[in-house]
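# Per-entry structural report
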Amino acid sequence: MNELDEQQWEAELRRLAPARPPEEFMARLRAARPERVKTAWRPLPAVRPWWDWRWLAPAMGLAVVVTGVILGLAKFSTPRAAAAGLKPDDVQVNEELVSSYEVVAQLPGGEPVRFRCRQLRDQMVVRDTVRGVEIETSSPRVEVTPVRFETY
């Protein structure tokens, strides 16, 4: 059968109306159908609980960001009296590499992606030798850099 015959055959099938099933077959189907049992319960309306993750996840993210900002401001802010009286004469800034490694991940499409990761520790020391004050801070930092695969 070639493509032209198939197209004519399909067009003829579309024009035909389906036949009604025999009445005895329909009677057997109706007899085999289970009876409906009336129940007193009704399904509850779709009420979402207060802890639904759809709004809880963004709210938790916002709470984490706000907490981070508040803690960051509290950590790096100094009282006005101390800031006005402190005159540093020695400031040291240091960046120390703690570890470096590479990771290969796979995108949902199957394409591999390579990341270069570095764990660093930032340090800062501020000294005021006149008043004998020394402030030292240290904080960890992680750098993740995507790297293209080189094909040869």
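Figured I'd write up the structure that's included with this text. What you see is a predicted model, and the numbers here were worked out from it, not measured in a lab. (Residues numbered from 1 in each chain as written. Predicted model: local features only at pLDDT ≥ 70, side-chain atom pairs only at ≥ 80, totals over all residues. Heavy atoms only, no water.)

## Overview of the overall build of the protein chain
A tally of helices and strands in the protein chain yields 4 helices and 3 strands. Here the protein chain holds 152 residues, and the buried ones make up 6% of them. Taking the intrachain contacts of the protein chain between residues at least 6 apart in sequence as the baseline, contacts between residues at least 24 apart amount to 45%. (Helix = DSSP H or I, 4+ residues; strand = E, 2+ residues; numbered from the N terminus. Buried < 20%, exposed > 50% of the residue type's maximum accessible area, 1.4 Å probe, protein only. Contact = heavy atoms within 4.5 Å.)

## Digging into the sheet that holds strand β2 (residues 112-128)
Read from one edge to the other, the open sheet built from 3 strands follows the order β1-β2-β3, with strand pairing classed as antiparallel. Edge positions in the sheet fall to β1 (90-106) and β3 (133-147), since each of these pairs with one other strand and no more. Across this sheet, the average inter-strand angle for adjacent strands is 15°, counted without regard to direction. Sheet topology note: the β1/β2 ladder contains 16 bridges and is antiparallel. Across the sheet, Ala105 pairs through a bridge with Val113, a residue of β2. (Pairing = 2+ DSSP bridges. Axes fitted to C-alpha atoms, helices over the stretch in contact; angles between N-to-C directions.)

## Comments concerning a nonpolar patch on the surface
Residues Trp9, Leu13 and Leu16 make up a contiguous nonpolar surface patch of roughly 340 Å² in combined accessible area. Following the sequence through the fold, Trp9 ends up in helix α1 (residues 3-15). (Patch = residues over 30% accessible without salt bridge, like charges linked within 9 Å, V, L, I, M, F, W, Y side chains within 5 Å. Areas by Shrake-Rupley, 256 points an atom, 1.4 Å probe, with all protein chains shown as cover. Salt bridge = Lys/Arg side-chain N within 4 Å of Asp/Glu carboxyl O.)

## Some details on the pairing of β3
Pairing of β2 with β3 involves 15 bridges; the strand directions are antiparallel. The residue of β3 that forms the bridge with Arg114 is Val147. The turn joining β2 and β3, which pair antiparallel and follow one another in sequence, is formed by 4 residues; a positive phi near 75° is taken by Gly132.

## Observations concerning the pattern of salt bridges
Evaluated as defined, the whole model comprises 12 salt bridges. Taking the shortest distance from any N to any O, the salt bridge between Arg116 and Glu102 comes out at 3.2 Å. Of this pair, Arg116 sits in strand β2 while Glu102 sits in strand β1, and the two are 14 residues apart along the sequence. Residue Glu102 is classed as partly exposed on the basis of its relative accessible area of 45%. One salt bridge connects Arg141 with Asp122, and the closest N-O pair in it is separated by 2.9 Å. Of this pair, Arg141 sits in strand β3 while Asp122 sits in strand β2, placing them 19 residues apart in sequence. For Arg141, a relative accessible area of 25% translates into the label partly exposed.

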